[in-house]
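Coordinates in review
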Amino acid sequence: MCRRMATSATTRSAELYARALELLPGGVNSPVRAMRAIGRDPIFIARGEGADLVDVDGRRYVDWVMSWGPLVAGHARPEVVAAVSAAAAAGTSFGAPTRAEVELAEQVVERIPAAEMVRMTSSGTEASMSAIRLARAATGRDAIVKFAGAYHGHVDGLLADAGSGLATAGIPASPGVTAAQAADTIVVPWNDRAAVERVLAEGEPAALLCEPYPANMGLVLPEEGFLAFLREAASAAGALLVFDEVITGFRVSRGGAEEREGVIPDLVILGKVLGGGLPAAAYAGRRDLMELVAPAGGVYQAGTLSGNPLATSAGVATLRLLDRSAYERLDGLSRSLAEGLEAAAREAGVPARAASTTGLVTLFFSDRPVRSYADARACDLDAHAAFCRGMLERGVYLPPSQFEAWFPSLAHSPAHLELTVDSARDVLGEMQ
Ligand SMILES: Cc1ncc(COP(=O)(O)O)c(C=O)c1O
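A brief structural summary. Every chain is numbered on its own, with residues counted from 1 as its sequence reads. In keeping with the predicted nature of the model, local features appear solely for residues at pLDDT of at least 70, side-chain atom pairs appear and are counted solely at 80 or more, and the whole-chain, interface and lining totals rest on all residues. Excluding hydrogens and water, the side-chain values take into account all heavy atoms of the structure.

Here's the deal with the environment of Ala344
A run of H or I in DSSP counts as a helix once it spans at least four residues, and a run of E counts as a strand once it spans at least two, with each numbered from the N terminus. Along the polypeptide, Ala344 turns up in helix α12 (residues 324-348). Along the chain, Ala344 and Asp422 lie 78 residues apart, while their C-alpha atoms are 8.1 Å from each other.

Overview of the packing of aromatic side chains
Two rings belonging to Phe, Tyr or Trp (six-membered ring only in the last case) form a pair when the distance between their centres is within 6.5 Å. Interplanar angles under 30 degrees mark stacking, angles over 60 mark edge-to-face geometry, and anything in between is tilted. Applying the stated rule across the entire model yields 8 aromatic pairs. Where Trp64 meets Trp406, the ring centres are 6.1 Å apart and the plane angle is 40 degrees; that geometry is what we call tilted. On the criterion of sequence distance, the pair formed by Trp64 in the loop between β3 (60-63) and α2 (78-89) and Trp406 in the loop between β13 (396-397) and α15 (414-431) is long-range, its members being 342 residues apart. The class for Trp64 is buried, based on a relative accessible area of 0%. Exposure categories follow from relative accessible area, calculated using a 1.4 Å probe and restricted to protein chains: below 20% of the type maximum is buried, above 50% is exposed, and the middle band is partly exposed.

Here's the deal with the sheet that holds strand β6 (residues 185-188)
Each strand in a sheet pairs with another by means of backbone hydrogen bonds, the pair being arranged parallel or else antiparallel. Here 7 strands make up an open sheet; going across it, the order is β4-β10-β9-β8-β7-β5-β6 and the pairing mixed. Of all strands in the sheet, those with a lone pairing partner are β4 (117-121) and β6, marking the two edges. Strand-to-strand twist across the sheet, computed as the mean angle between neighbouring axes with direction ignored, equals 20 degrees. Any two strands with at least two DSSP-identified bridges between them are counted as paired. By the bridge criterion, 4 bridges tie strand β7 (residues 207-210) to strand β8 (residues 240-244) in an arrangement that is parallel. When the sheet's bridge partners are listed, Leu208 is paired in β8 with Leu241. Whether two residues are in contact is decided by their heavy atoms: any pair within 4.5 Å suffices. To define axes, lines are fitted to C-alpha atoms, for helices over the stretch in contact only, and angles between the resulting N-to-C directions are given on a 0 to 180 degree scale. The strands touched by helix α7 (residues 193-203) are β5 (144-147), β6 and β7; relative to β6, the strand with the most contacts, the crossing angle is about 160 degrees.

Side note on the site of the ligand
Nearness of a residue to a molecule or strand requires only that one of the residue's heavy atoms be within 4 Å of it. By nearness alone, every residue bordering the ligand is listed as Ser123, Gly124, Thr125, Tyr151, His152, Gly153, Glu211, Asn216, Asp244, Val246, Ile247 and Lys272. Contacts described as polar in this section are N or O atom pairs within 3.5 Å, which, within protein, must combine one atom able to donate a hydrogen with one able to accept it, while residues neighboring in sequence count only if both atoms come from side chains. Taking Thr125, its side chain carries an N or O atom lying 2.6 Å from an oxygen atom of the ligand. A distance of 2.9 Å separates an oxygen atom of the ligand from a polar side-chain atom of Lys272. When the ligand sits alone it has 380 Å² of accessible area, and the protein chains cover 81% of it. Taken together, the residues of the shell around the ligand sort by class into 3 nonpolar, 6 polar and 3 charged. Here the accessible surface of atoms and residues is derived via Shrake-Rupley with a 1.4 Å probe, and residues count as covered only by protein chains that are part of the display. Residue classes follow a fixed rule: Ala, Val, Leu, Ile, Met, Phe, Trp, Tyr, Cys and Pro count as nonpolar, while Asp, Glu, Lys and Arg count as charged, and any other residue, Gly among them, counts as polar.

Section: helix α4 (residues 124-139)
For α4, which comprises 16 residues, the first-to-last C-alpha distance of 22 Å matches the rise-based estimate of 22 Å (1.5 Å per residue) to within 8%. Residues of α4 that are buried include every one of Thr125, Glu126, Ala127, Ser128, Ser130, Ala131, Ile132, Leu134 and Ala135, and no others. In the segment just after α4, Gly140 is the residue with positive phi, at about 70 degrees. By this rule the span expected of a helix is its residue count minus one, scaled by 1.5 Å.

See the structure below:
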């Protein structure tokens with residue numbers, strides 16, 4: 001199979017991009033897709049098959065983006081397609097309760113340690129926004145503590161020093177966020193206990209909000225004991241501990257990072273894998289907190305398509321595939337990928353190091369360990385961009401930003417891994 005990319009200037013992608021630029025801001029519906037950080041135009045996709053993407057020009061790529069995380073089972077997995085097709089044939093939306101949302105909620109409660117009750121939304125952004133509203137209502141406090149480089153969706157008050165697309169575009173805070181909204185957000189460096197202690201003592205926050213395994217500044221794992229420290233510190237300060245497991249939930253283990261680390265938050269935010277590639281997200285947590293949400297309680301939150309039958313059916317079908325052996329495979333694959341990439345960089349003499357856990361990998365172009373957003377920002381972004389462009393030319397589709405993670409899936413085979421590591425060896429070799 002030839003995966004090398006042709007370089008014709010008049011590709012179908014280029015034509016569509018020209019049309020899109022007239023109609024959509026920046027030609028896209030979510031900024032990172034524009035690929036500006038790696039100095040090229042976006043690629044328009046025609047279809048996905050397992051771990052492969054096929055673009056509108058018929059070029060095939062190994063996909064390590066996987067729709068930014070939801071597709072842990074791969075593209076167009078037959079069991080998921082069948083579940084969605086059956087749900088669609090029975091009607092796409094009712095604005096009334098259905099069986100699939102009860103089944104999905106049962107799965108969430110069974111798997112995620114913090115989840116005693118669940119409220120579904122359509123996006124992770126909505127779920128974050130609603131979880132912090134609930135935390136404020138429960139504590140009677142306003143401030144939220146978040147970590148630099150973490151991303152919790154485009155919630156006004158949470159955009160300060162955010163990772164993901166904002167880090168990629170170099171936007172420290174978005175215009176349009178009011179001073180009042182920003183004032184209620186306190187940002188501290190990840191892995192910095194003293195900073196957390198200081199703001200908890202001074203700030204009286206409603207919540208300490210974190211991605212337990214931050215993956216929106218690249219993957220920057222917590223240092224030994226840091227999550228347990230956050231748990232204790234939040235309780236001591238009368239603040240709720242909120243884990244944003246939109247990326248890590250059902251990915252790094254059956255019950256997310258909280259199960260893996262044995263640190264249970266008060267509230268948890270879920271998304272991505274939860275909807276199996278369709279729009280579904282949720283917030284969940286302790287029963288006494290969740291029963292404050294309307295109509296059980298007075299904290300208002302609603303959604304026309306919340307708990308949508310297509311999305312909940314896709315979620316149930318996806319979770320059914322995620323048994324113990326699935327996580328063993330995902331873990332082995334992620335480990336091999338990280339080791340292969342690091343070895344390729346070493347052979348080429350390029351300073352780069354891989355961070356990885358089950359289902360998440362980042363290759364940082366840095367000669368130092370990356371333990372904070374400041375460290376991630378100090379990476380060689382030009383080298384990362386050159387690497388991504390070279391990999392695309394060889395048919396390997398990577399997150400086009402240093403501040404994101406790769407998403408291994410159950411559909412990636414040893415052949416996909418080999419092609420990726422061989423390509424990395426070539427590209428890194430040419431970068432010297
Ligand atoms: C950790 C985290 N939280 C929240 C979100 C927002 O989710 P959504 O894009 O579905 O609004 C994202 C999106 O990437 C995320 O990575």
